[in-house]
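What the coordinates show
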Amino acid sequence: MEDVVLKMPTADVALIMQFASRMGWTIESRRNPVARFIEACSKSHGDALTDEEIQAEVNAVRYSK
């Protein structure tokens, strides 16, 4: 699998979502991976990351290029 970032007008998203569904592809917004990462670092786990560690990871991924 390969990740691809595609920017398009909001009005076209429904059409692309329908096409992707027919092709068996998965579409997610850029915010979803970050939200999932933060959720995975929940304080309920014994080895949870601190807020600073979460921010450092997000910054490293988002601004590494």
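Since this is a predicted model, take the numbers as computed values, not measurements.

A count of helical and extended segments in the protein chain gives three helices and zero strands. In the protein chain, the succession of helices and strands from N to C terminus is α-α-α. Here the protein chain, with 65 residues, has 6% of them falling under the buried criterion. Split by element, the accessible area of the protein chain, about 6,200 Å² in all, is 56% carbon and sulfur.

Attention now goes to the environment of D51. Relative to the elements of secondary structure, D51 occurs in helix α3 (residues 51-62). In this structure the C-alpha to C-alpha distance between D51 and C41, which are 10 residues apart in sequence, comes to 9.1 Å.

Taken as a whole, the protein chain shows an average pLDDT of 80; of its residues, 83% reach a score of 70 or greater. Looking at the elements of the protein chain, mean pLDDT is at its lowest for helix α2 (residues 31-40), recorded as 71, and at its highest for helix α1 (residues 13-23), recorded as 93.

Here we come to a nonpolar patch on the surface. The grouping of V13, M17 and I27 at the surface amounts to a nonpolar patch, some 230 Å² of accessible area in total. Here V13 is to be found in helix α1. V13 sits in the partly exposed class, given a relative accessible area of 36%.

Conventions used here
- Residues numbered from 1 in each chain as written.
- Predicted model: local features only at pLDDT ≥ 70, side-chain atom pairs only at ≥ 80, totals over all residues.
- Heavy atoms only, no water.
- Helix = DSSP H or I, 4+ residues; strand = E, 2+ residues; numbered from the N terminus.
- Buried < 20%, exposed > 50% of the residue type's maximum accessible area, 1.4 Å probe, protein only.
- Areas by Shrake-Rupley, 256 points an atom, 1.4 Å probe, with all protein chains shown as cover.
- pLDDT = per-residue confidence, 0-100.
- Patch = residues over 30% accessible without salt bridge, like charges linked within 9 Å, V, L, I, M, F, W, Y side chains within 5 Å.
- Salt bridge = Lys/Arg side-chain N within 4 Å of Asp/Glu carboxyl O.

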